[in-house]
Structure formats: C-alpha cells, structure tokens
Amino acid sequence: LGECKALAYLNLETNQLRDDGAKRLAGALRECKALTHLNLAHNHYGDEGVVRLAEVFRGCTALAHLDLDRNDIGPEGAGRLA
C-alpha cells in the first residue's frame, strides 16, 4: 500500500486484522494522501490499534469517509479519533 500514492478507495471490511494489523496498516497508509474512502469495519480493532490509525488519519486530508463500525473501540480510541 505504501507505493499506492493515488489509491482513493480501500475496503478491508471483515478481515479480522485486529490491533496488530491496524499497526501494520497505519504504516502503509502514511503515503496514501489521495485516499478518500476507507472501510475498516468488523476487524476487531481495539483502542491500541485505533490510536495508531488515528495518528495517520491526521495526515489523510482527502479522507471523506471512514467506516470503523463493529470494532472494539473504547473511550481512549474514540477520543483519539475525535
């Protein structure tokens, strides 16, 4: 993914990525500046993974749609996304 600088839409719904996968994904998404839609629903992300993703989302200025439905996000993760 790090090489896909023009990637605009990514659907990774229901891939059971969990927090470890979120950490790896966060590293890959750093270069995806054109990303407008990202579906990460139903991947069992918890606060640890979401905190890592939230750091990257700050640099994703084109991101207009983010789906994190059906994950295990608690107060800490939600606070970082806000």
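Here the structure is a predicted model, which means the values were calculated and not measured.

What counts and how
Residues numbered from 1 in each chain as written. Predicted model: local features only at pLDDT ≥ 70, side-chain atom pairs only at ≥ 80, totals over all residues. Heavy atoms only, no water. pLDDT = per-residue confidence, 0-100. Helix = DSSP H or I, 4+ residues; strand = E, 2+ residues; numbered from the N terminus. Pairing = 2+ DSSP bridges. Axes fitted to C-alpha atoms, helices over the stretch in contact; angles between N-to-C directions. Parallel < 35°, antiparallel > 145°, perpendicular 65-115°, else oblique. Contact = heavy atoms within 4.5 Å. Nonpolar A, V, L, I, M, F, W, Y, C, P; charged D, E, K, R; others polar. Core = buried A, V, L, I, M, F, W, Y, C linked by side-chain atoms within 4.5 Å. Buried < 20%, exposed > 50% of the residue type's maximum accessible area, 1.4 Å probe, protein only. Polar contact = N/O pair within 3.5 Å; in protein donor to acceptor, adjacent residues only side chain to side chain.

Describing the confidence of the model for the chain
Alright, step 1. Confidence in the prediction for the chain averages 94 pLDDT; 99% of positions are at 70 or higher.
Alright, step 2. Across the chain, the element-wise mean pLDDT spans from 94 in helix H1 (residues 18-29) up to 98 in strand E2 (residues 37-39).

Points about the sheet that holds strand E3 (residues 65-67)
Alright, step 1. Read across the open sheet, the three strands follow the order E1-E2-E3; overall the sheet is parallel. The open sheet terminates on both sides in strands that have one partner only, identified here as strand E1 (9-11) and E3. Strand-to-strand twist in this sheet, taken as the mean axis angle between neighbours without regard to direction, amounts to 5 degrees.

Notes on the packing of H1 against helix H2 (residues 47-57)
Alright, step 1. Interhelical geometry of H1 versus H2 gives an angle of 10 degrees and a closest axis separation of 8 Å. One finds that H1 runs roughly parallel with respect to H2. Of H2, the residues touching H1 (which contributes Asp19, Ala22, Lys23, Leu25, Ala26 and Leu29) are Glu48, Gly49, Arg52, Leu53, Val56 and Phe57.
Alright, step 2. Across the contact of H1 with H2, the residue classes break down as seven nonpolar, one polar and four charged.

Quick word on the nonpolar core
Alright, step 1. With 17 residues, the main nonpolar core has Leu25, Leu29, Leu38, Leu40, Tyr45 and Leu53 as its most contacted residues.
Alright, step 2. Taken together, the elements giving at least two residues each to this core come down to H1 and H2.

Observations concerning the environment of Arg80
Alright, step 1. As for its position among the elements, Arg80 is in helix H3 (residues 75-81).
Alright, step 2. Distance from Arg80 to Arg52, taken between C-alpha atoms, is 9.2 Å for residues 28 residues apart in sequence.
Alright, step 3. Ignoring any residue separated from it by four or fewer positions in sequence, one finds Arg80 in contact with Val51, Ala54, Glu55 and Arg58.

Remarks on the environment of Asn11
Alright, step 1. Tracing the sequence through the fold places Asn11 in strand E1.
Alright, step 2. With a relative accessible area of 40%, Asn11 lands in the partly exposed category.
Alright, step 3. C-alpha separation for the pair Asn11 and His37, spaced 26 residues apart in sequence, amounts to 8.0 Å.
Alright, step 4. Polar contacts involving the side chain of Asn11 include one to the main-chain amide nitrogen of Glu13, which spans 2.9 Å.

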